Amino acid sequence: MKIRFRSSLFIRLDLTIIAMLLVSLPALSQSVRVISEHGENIEIPKELARDLISEPDNGRVIISTWFVSRGFLDAQVENIGPYEFRLSRGCLYELSAINLDPREWNSKSLSPDVPFSSMVLEEYIQKILYGFEQKGYPFAKAEIDSLVRDQEGCKVEAKINIDPGELLYSEEVFFSGAKTNSQQFLRKISGYRDSVLVTSQFLAGIRLNLLDSELFEEVGEASIVSQEGKYVIVYPLTERSLNHFDGLLGYVPDQNGNGQIVGELELSLWNVLNEGNGVELEYQRLRPETSRLNIAVRQEWIGALPVGIGADFRFYQNDTTYQIRELSMNSYYRVSRGLRLIGEVGLISSSSGKDSGVEIEPDGSKRYAELGFRYSTTNSFEVPTSGIRLGVTLGVTNKDLRIDSLRAYNQQYVQADGSLFFPVSSKQVFALGIHGFYLSSSKITISDLAELGGANSMRGYAEDQFRASKMAWADLEYRFMMNRNSYLFVFGAAGSYERPKLLTETDDSFSTSSMLYSTGFGISYKIRIGRLKFTYAISPQESIGNGKVHLGIRTSL
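The rules behind the values
- Residues numbered from 1 in each chain as written.
- Predicted model: local features only at pLDDT ≥ 70, side-chain atom pairs only at ≥ 80, totals over all residues.
- Heavy atoms only, no water.
- Helix = DSSP H or I, 4+ residues; strand = E, 2+ residues; numbered from the N terminus.
- Buried < 20%, exposed > 50% of the residue type's maximum accessible area, 1.4 Å probe, protein only.
- Contact = heavy atoms within 4.5 Å.
- Areas by Shrake-Rupley, 256 points an atom, 1.4 Å probe, with all protein chains shown as cover.
- Pairing = 2+ DSSP bridges.
- Salt bridge = Lys/Arg side-chain N within 4 Å of Asp/Glu carboxyl O.
- Core = buried A, V, L, I, M, F, W, Y, C linked by side-chain atoms within 4.5 Å.
- Disulfide = S-S within 2.5 Å.
- Axes fitted to C-alpha atoms, helices over the stretch in contact; angles between N-to-C directions.
- Phe/Tyr/Trp six-rings, centres within 6.5 Å; stacked < 30°, edge-to-face > 60°.
- Parallel < 35°, antiparallel > 145°, perpendicular 65-115°, else oblique.
- Left-handed = near helix turned anticlockwise from the far one by under 90°.
- Nonpolar A, V, L, I, M, F, W, Y, C, P; charged D, E, K, R; others polar.
- Polar contact = N/O pair within 3.5 Å; in protein donor to acceptor, adjacent residues only side chain to side chain.
- Arc of directions from axis to C-beta.

1. Thoughts on the overall build of the chain
- Each helix and strand counted, the chain has five helices and 30 strands in total.
- Counting all 557 residues of the chain, 44% fall into the buried class.
- Pairs at least 24 residues apart make up 54% of the contacts formed inside the chain by residues separated by at least 6 positions.
- Summed over all atoms, the accessible surface of the chain reaches about 29000 Å², with 55% contributed by carbon and sulfur.

2. A short note on the sheet that holds strand β6 (residues 114-115)
- In spatial order, the strands read β6-β5-β8-β7; together these four strands make up an open sheet with mixed pairing. In the strand order of this sheet, the two ends are held by β6 and β7 (141-150), each with one partner.
- As paired elements, β7 and strand β8 (residues 155-163) share nine bridges and run antiparallel to each other. If you follow Leu147 over to β8, its bridge partner there is Ala158.

3. A look at the pattern of salt bridges
- The final tally for this structure, using the stated rule, is 28 salt bridges.
- Arg467 serves as the salt-bridge partner of Glu451, at 3.6 Å between the closest nitrogen and oxygen. Of this pair, Glu451 sits in strand β24 (residues 450-452) while Arg467 is found in strand β25 (residues 466-468), placing the two residues 16 residues apart along the sequence.
- A single salt-bridge network, built from bridges that share partners, covers Arg292, Glu451, Asp464 and Arg467.

4. Remarks on the nonpolar core
- Counting residues in each nonpolar core, the largest one holds 37 residues, and the members touching the most others are Ile63, Phe67, Leu87, Leu95, Ile98, Leu121 and Ile160.
- Looking at this core, the element that brings in the most residues is helix α3 (residues 118-134), giving seven residues.
- Discounting residues that sit within four places of it in the chain, Ile160 has contacts with Ile98, Asn99, Leu100, Asp101, Leu121, Ile125, Ile128, Ala142, Glu143, Ile144 and Asp145.
- Core analysis: the next-biggest nonpolar cluster, separate from the first, contains 28 residues, Phe139, Val198, Ile224 and Tyr235 among them.

5. Some remarks on the state of the cysteines
- Across all of its chains, the model carries one disulfide by this definition.
- Across the disulfide from Cys91 sits Cys154; the S-S distance is 1.9 Å. With the S-S bond torsion at -110°, the cross-link from Cys91 to Cys154 turns out left-handed. Pair noted here: Cys91 is in the loop between β4 (84-88) and β5 (94-101) and Cys154 is in the loop between β7 and β8, with a separation of 63 residues, a long-range link.

6. Brief notes about the side chain of Ser457
- Its place among the elements puts Ser457 in the loop between β24 and β25.
- With residues up to four places along the chain from it excluded, the contact list for Ser457 reads Leu452 and Trp473.

7. Some words on the sheet that holds strand β2 (residues 33-36)
- Strand order in the open sheet formed by three strands is β2-β4-β3, and the pairing between neighbours is mixed. Bordering the open sheet on either side are β2 and β3 (76-81), each of which pairs with just one other strand. Here the average twist between neighbouring strands, direction ignored, is 30°.
- In the sheet, β3 pairs with β4 via five bridges, with the strands oriented antiparallel.

8. Points about the packing of aromatic side chains
- This structure, assessed with the given rule, holds 14 aromatic pairs.
- For the ring pair Phe521 and Tyr536, a centre distance of 5.5 Å and an interplane angle of 35° mean the geometry is tilted. Here Tyr536 lies in strand β29 (residues 530-538) and Phe521 lies in strand β28 (residues 512-527), a separation of 15 residues in the sequence.
- Site record: aromatic cluster; members linked through ring pairs are Trp66, Phe67 and Phe72.

9. Points about the packing of helix α1 (residues 46-54) against helix α2 (residues 59-69)
- Between α1 and α2, the shortest axis-to-axis distance is 9 Å and the interhelical angle comes to 160°. Looking at the two axes, α1 sits roughly antiparallel to α2. Along this stretch, α1 crosses α2, giving a crossing that reads as right-handed. Facing α1, whose interface residues are Leu48, Asp51 and Leu52, α2 presents Gly59, Ile62, Ile63 and Trp66.
- Counted by class, the contact of α1 with α2 contains five nonpolar, one polar and one charged residues.

10. Looking at the side chain of Thr290
- Mapped onto the elements of the fold, Thr290 is located in strand β16 (residues 290-299).
- In terms of polar contacts, Thr290 uses its side chain to reach the side chain of Asn318, at 3.2 Å.
- Discounting chain neighbours no more than four positions away, the residues touching Thr290 are Gln284, Arg285, Tyr316, Gln317 and Asn318.

11. Digging into helix α4 (residues 183-190)
- When we look at burial in α4, the residues that qualify are Phe185, Leu186, Ile189 and Ser190. Buried residues of α4, viewed axially, fall in a sector of 125°; they line one side.
- Buried residues along α4 sit in contact with β9 (172-176), α5 (200-212), β10 (216-219) and β18 (322-336).
- Taken from the residues just after α4, Gly191 is the one with a positive phi, measuring 80°.

Here's what the structure looks like:
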């Protein structure tokens, strides 16, 4: 088996460049001095001086090679003493043309008209080979045949021999590292097809489709392997832990310093009944008297179609005073790489305890329909370091209450969530999140409002501490990457919300609008059995000792 990388360069430079050995050398009393033909000192970089000290017998070759590679093609060097050289640089040449041979690969020569150097010439060769990759020649080779100098005009023309190799059509693909998902299923979701011209766009498209599936932590660049007379495209990948158990435990103190324990448990199983089939079970304890249960079933891809469907059952219990039950069907259609259309229809019913003496919301039901999209260009699903995520949903409801079932009414709402990840270095990443919700209705009950606050929302406040018909908030998180999958973080968040007068309220005593702020820090660390996350967050209304603490662990099954 022979591995051939599609980006390989086979370049033979007539300009010999000596590799610089960046090693620590003992301090020497001698200093390297290079002077011009007019007796002026010429400043040279430290790495060049280091090479001259380590190989004094090759000083003339080292100096001339260095200056020639940077465009001084007529450079001449004379040794006039120990570690002392006289240099005549001559003029700085300009790369005036690049001629390809055979000429049928390029109808006209390239005319860059830029200062000549070996690095500049190599960059142009890279571009030429990339152009051949675009046309389906992944094994194209290039070598410099000759450099023709015009000494009077200080110009140089480069002649490059091209061996394009053979056109390559897709024959087979293999996904290295796949254990949970079969090769056949991955072929389907990647969009791979046989007998397609293998271009860089074709290879990149498959990789983006794999990343867009949200099944993988990482998907590497493709390589091409020759095996038993057949070329196989190989993608190295690391699957996400789709079979996992999540636990999140929180300590939320009140203003008096008395705390309560909240938490969340989530179980996710993949490929339960069929390949691409998933089941999720989630339980949340928001407060001692309040809990939420979600059960979801989904199927990714229907046959060969980029379509997914799912069903959800949600149950909300507030002690014995109030219940909400929701049943929904949802689906998505992948329009293009990174872009999905999403839709959902559902039925929600609510009821209050008859003996509680408290009517949080009149008994009733509502039917809703949502339509929206999700767009993502992030480089990783779990720990992205670049790219964007954007989701927008428009919804309409038809609601009736048992106290006045003849007067059903409509509601409209819009919800938007966006995240931007931008690296400032290999170790530092900023993550910006922006979120909003708006509800338009003549009558509003508490179940119509959006929740705000908690570990998965605006940190620094209690779980679902606020209910709002209008809200907008953003958080900015700075991440210091300990490694590719672990990071330390600090964050700040700010936003506003508005709670209107509800149908069950006789006056505006409970309606309010306010600004919210919070800040905090934490760590997200990849361990052998999964991921460990710790967060400490605090709002201005609380003292440092009353900050919200959350500790979560995600384990693979």
